[in-house]
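Structural overview for review
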Amino acid sequence: VTAPVAVPAAAPVTASVAEPVAPPVTAPVAPPVTAPAAAPVAAPVTAPVAVPAAAPVTASVAEPVTASVAAPVAPPVTAPVAPPVTAPAAAPVASPVAVPAAAPVRCPEATDPVVRARTRWFRAYALFNTGDVAASEQLNERALAGFREHGDRWGVAAALALRATHEMIRGDLTALERDGEQSVALFRELGDRWGELQSVGPLATLAEIGGDYARAERLLRDALAIAQELRLATEVSTVLSRMGRIALLTGDGPRARELHERARRGAAEQGFTFGEVHAELGLALGARREGDLAAAEALLLRIRDWYAEVSSECGNPLVLAELGFVAELRGDAVTARAWHEQALDAAGVLGDPRAVALPVEGLAGAAVLSGEPGRAAFLLGAAAAARASAGAPLPPAERGDVDRITAAAEAALGAVALRQAFDQGAAQGPGGLAVRSTPRTPLRTPALPVPAGGR
């Protein structure tokens, strides 16, 4: 005898934004749009006979948005076969019941131009936080144009804040300052504390790059106060990690360690994996600078594996270059060169000259270890030119590796030959360091000429 088979309807699905891979931010509740919002439109789903179809889900961003989330695909359900019974004339066993896949739901853009612009911005925000920087940047520019056309000041501020973050990753520091300042000014006029928090992050990074650690610390303290006021626990973790970096750069190792540990604990409590990774990277940086190479390597390898899982590009050049410096400090030139070449490949995808310069400086260290001081000096000159092209020469607190490698090359070459080789590298400029044909084509270390004074 076969028991009746009940096939449940697929549970409704709620759309969510993945935890950020790039610098994390918390999705806002946007202020109401003055233009009338279009009513939600859900595309009909045709249900098979006797099997309820999955209900369509309609996503919304503050105001109703007409874009719908695709209905889930229900897996085939097989009716269980009842065990045999002794009763005569048993009914035949029913065939397995297969539930057809729900029809895909179309996601048309909103007809209202303000709602459409905000929907584009929200998608750009989500794309950035899930690692697709290029798509995020393109969609954000379309949203910004719509905000400006229709006078949506909140939208303009939000799009400028996101654009400043894009510019930070690309190393366009002039544009970052312009857009970051405009964004924070607009959010302050509107009284939006969440928005102000988004704008402060890139500006603090800009101050750090320029060596103005006092300003960076002040901006981060303001950001921490806002995050705590709004009870944004993941933002608190992120800001604590960034404050730990400033402590590390100003030579306060114990405070850096304490801030990074607080950030790691807070992130773990929230299940915020990116925050844990960000904090552990700070701990790894501190461990290497304190000479604990084993601890630094263990942390860096774990972070490298996590970046590989999520296919994130933004942090990889730093992690790989740090592994290269660990190998160099151990005297392993071959391993150091391999790590720095991987870092150079990763850096080229981002298009940030500073990200390219770091592994080139590391390759200079490997060259010194290999008995090629002239090549090392040449590479140091090329890296310095790359940093200068971004308007961000290394501040004194970040020159530890470069000064150490320079001193070793000068000891082998002499001051005059070192300067000649360095100037040749600087004259070549950052354009000669690496070439790529498409944004995701791996880079290759160029065959650099051997300068005078070295092999």
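Residues numbered from 1 in each chain as written. Predicted model: local features only at pLDDT ≥ 70, side-chain atom pairs only at ≥ 80, totals over all residues. Heavy atoms only, no water.

1. Description of the environment of E276
Applied cut-off: By the criteria applied, helices consist of DSSP H or I runs no shorter than four residues and strands consist of E runs no shorter than two, each listed in order from the N terminus. Throughout, a residue-residue contact means that at least one pair of heavy atoms, one from each residue, lies within 4.5 Å.
Within the fold, E276 resides in helix α9 (residues 273-289). For E276 and I303, which are 27 residues apart along the polypeptide, the C-alpha to C-alpha distance reads 9.7 Å. With residues near it in sequence (within four places) discarded, E276 still touches R264, A267 and A268.

2. Structural notes on the pattern of salt bridges
What counts here: Here a salt bridge means any side-chain nitrogen of Lys or Arg lying within 4 Å of a carboxyl oxygen belonging to Asp or Glu. Throughout this description, buried means an accessible area under 20% of the type-specific maximum (1.4 Å probe, protein chains only), exposed means over 50%, and partly exposed covers the range between.
Enumeration according to the criterion identifies 31 salt bridges in this entry. For D152, the salt bridge identified is with R118, shortest N-O distance 2.9 Å. On the criterion of sequence distance, the pair formed by D152 in the loop between α2 (133-149) and α3 (153-170) and R118 in helix α1 (residues 113-129) is long-range, its members being 34 residues apart. Classification of D152 by relative accessible area gives buried; the value is 8%.

3. A word on the packing of helix α13 (residues 353-369) against helix α15 (residues 400-413)
Using the following cut-off: Between the N-to-C directions of two axes lies an angle of 0 to 180 degrees, each axis being a line fitted to C-alpha atoms and, for a helix, fitted only over the stretch in contact. By the definition used in this description, the sense in which the near helix is turned from the far one sets the handedness, with an anticlockwise turn below a right angle giving left-handed and a clockwise turn giving right-handed. Basically, the charged four are Asp, Glu, Lys and Arg, the nonpolar ten are Ala, Val, Leu, Ile, Met, Phe, Trp, Tyr, Cys and Pro, and anything else, Gly included, counts as polar.
Put simply, α13 and α15 touch, their axes get as near as 10 Å, and they point 35° apart. When you trace α13 past α15, the crossing you get is left-handed. Across from E361, A364, G365 and V368 in α13, the residues of α15 making contact are V402, I405, A408 and A409. Per-class residue counts for the contact of α13 with α15 are 6 nonpolar, 1 polar and 1 charged.

4. What about α9?
To keep things clear, this is the line we draw: Take the residue count of a helix, subtract one, and multiply by 1.5 Å to get its expected span.
In a regular helix each residue adds 1.5 Å, so 17 residues correspond to 24 Å; α9 covers 25 Å between its end C-alpha atoms and thus fits that length. Among the 17 residues that make up α9, 14 are buried, leaving the element largely enclosed by the rest of the structure.

5. Things to note about the confidence of the model for the protein chain
Filter applied, for reference: For every residue, the predictor states its confidence as a pLDDT score lying anywhere from 0 to 100.
Across the protein chain, the average pLDDT comes to 78, with 69% of residues at 70 or higher. For residues 434-455, every residue scores under 50 in pLDDT, and the model assigns this stretch 47 contacts once sequence neighbours within four places are set aside.

6. Some words on the packing of α9 against helix α11 (residues 316-329)
Note the following rule: Each angle is binned into one of four classes, with values under 35 degrees roughly parallel, values over 145 roughly antiparallel, values of 65 to 115 roughly perpendicular, and all other values oblique.
Where α9 meets α11, the closest approach of the two axes is 11 Å, and the angle between their N-to-C directions is 20°. By the angle between their axes, α9 is roughly parallel relative to α11. Considering only the axes of α9 and α11, their crossing is left-handed. Where α9 approaches α11, its residues L281, L285, R288 and R289 are matched on the opposing element by L318, V319, E322, F325, V326 and L329.

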